[in-house]
Amino acid sequence: MLAHLRSPRPRISGAVRVWCLTGVLMALSLAALLMAADSMAPPLGGIQVPWWMLAAGFAVTEVFVLDVSSARNERWLTLSEVPLVIGLVFSTPTTIVAAQALGVAVVLVLYRREKPLRCAFNVAQRAAATLVAIFVFVPIVHVAESTWPIIWLAGFAATLSADIVAGILTNAAIALSEGVRMRFEHVLGIGLALTFAKTGLALTVVMVMTEYPAGLVVVAIPVAAAFLAGRAHVEVRRERDDM
């Protein structure tokens with residue numbers, strides 16, 4: 001009799017669980033950002049990169065995305081490591097996180113027309129991953145001297161750590177949304193290899209900016225050519241799959 005009188009426990013939907021994860025990420029990111037604030041000075045102070053330039057860089061990398069998804073998983077190739085590494089070397093933590101949040105949010109809302117939950121989670125996830133990159137990069141550079149080899153090491157360590165955290169958070173959101181266990185098959189692997197290569201490009205951009213900024217034009221030519229070639233290859237592959 002009592003069993004019939006008990007009311008069933010309300011089931012929390014997947015969307016609510018993801019919203020909770022998003023709120024936790026935002027709160028933790030804000031706390032970490034306030035703790036770091038601007039006390040972490042840029043390792044190279046010769047060049048001042050304003051926040052709006054970083055925001056524009058993050059926005060551009062979100063617009064020009066290469067879809068390399070397969071039948072088993074979705075994957076998009078971006079060059080977000082370029083503005084991230086530039087920010088790590090030439091800007092403060094507050095500037096990097098704020099610029100990335102603004103640039104990514106504008107693209108997700110106005111260009112991709114993403115739903116509020118997807119937009120909020122992506123912004124929160126990027127902010128958390130960026131803070132991980134900051135807390136990895138800055139101590140390495142400050143403990144050792146700000147020489148190019150140290151900056152290279154710190155840059156690779158920061159972006160790879162951020163990529164792993166971003167992958168874990170994405171898998172966590174999927175698991176919470178679908179009510180399944182987390183899967184880590186795609187956290188490590190080709191994604192880290194691509195991040196490693198893109199970080200190398202980002203560090204090259206930083207060195208060119210320091211030594212001879214006009215040389216960025218030369219760097220941009222092969223990057224643009226590789227992007228267009230990759231997009232053409234993806235389109236050909238899709239046409240072949242649809243046949």
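Residues numbered from 1 in each chain as written. Predicted model: local features only at pLDDT ≥ 70, side-chain atom pairs only at ≥ 80, totals over all residues. Heavy atoms only, no water.

**Digging into a nonpolar patch on the surface**
- A cluster of nonpolar side chains, namely Trp51, Trp52, Met53, Leu102, Val106, Val109 and Leu110, defines an oily patch on the protein surface of about 710 Å² accessible area.
- Broken down by element, the residue count for the nonpolar patch peaks at four residues, all from helix α5 (residues 93-111).
- If you trace the backbone, Val106 turns up in helix α5. (Patch = residues over 30% accessible without salt bridge, like charges linked within 9 Å, V, L, I, M, F, W, Y side chains within 5 Å. Areas by Shrake-Rupley, 256 points an atom, 1.4 Å probe, with all protein chains shown as cover. Salt bridge = Lys/Arg side-chain N within 4 Å of Asp/Glu carboxyl O. Helix = DSSP H or I, 4+ residues; strand = E, 2+ residues; numbered from the N terminus.)

**A short note on helix α8 (residues 190-211)**
- Its 22 residues give α8 an end-to-end C-alpha distance of 32 Å, which sits within 8% of 32 Å, the value for a rise of 1.5 Å per residue.
- Looking only at α8, the buried set comprises Gly191, Leu192, Thr195, Lys198, Thr199, Ala202, Leu203, Val205, Val206, Val208 and Met209. (Expected span 1.5 Å × (residues − 1). Buried < 20%, exposed > 50% of the residue type's maximum accessible area, 1.4 Å probe, protein only.)

**Focus on the layout of surface pockets**
- A volume near 860 Å³ is recorded for the second largest pocket.
- Elements supplying a minimum of two residues to the lining of the second largest pocket: α3 (51-63), α4 (81-90), α8 and α9 (216-242).
- The element that contributes the greatest number of residues to the lining of the second largest pocket is α9, accounting for seven residues.
- The residue makeup of the lining of the second largest pocket, split by class, is 23 nonpolar, three polar and one charged. (1 Å grid on protein atoms, 1.4 Å probe; cavity = no way out; pocket = protein on both sides within 12 Å on 5 of 7 lines; lining within 4 Å. Points joined across faces, edges and corners; volume = space filled by probe spheres on them. Nonpolar A, V, L, I, M, F, W, Y, C, P; charged D, E, K, R; others polar.)

**Some remarks on the environment of Leu84**
- Tracing the chain through its elements places Leu84 in helix α4.
- The spatial distance from the C-alpha of Leu84 to the C-alpha of Val97 is 9.3 Å, given a sequence separation of 13 residues.

**As for the nonpolar core**
- In terms of nonpolar packing, the biggest core is built from 37 residues, with Ile86, Leu88, Val89, Phe90, Ile134 and Phe137 touching the most fellow members.
- Of all the secondary-structure elements, those providing two or more residues to this core are α2 (14-36), α3, α4, α5, α6 (116-143), α7 (148-178) and α8.
- For this core, the leading source of residues is α6, giving eight residues.
- Counting eight residues, the second-largest nonpolar core is a separate cluster that includes Leu25, Ala124, Ala128 and Leu169. (Core = buried A, V, L, I, M, F, W, Y, C linked by side-chain atoms within 4.5 Å.)

**Focus on the pattern of salt bridges**
- Under the definition given, this model contains four salt bridges.
- Lys198 is paired through a salt bridge with Glu81; the nearest N and O atoms lie 3.4 Å apart. Taken as a pair, Lys198 in helix α8 and Glu81 in helix α4 lie far apart in primary sequence, 117 residues in all.
- On the basis of relative accessibility, which here comes to 12%, the residue Lys198 falls in the buried class.
- Note on Glu81: relative accessible area 8%, which makes it buried.
- The residue Arg118 makes a salt bridge to Glu114 at a minimum N-O spacing of 3.4 Å.
- Note on Glu114: relative accessible area 25%, which makes it partly exposed.
- Put simply, Glu62, Arg112 and Arg126 are held in one network by salt bridges that share partners.

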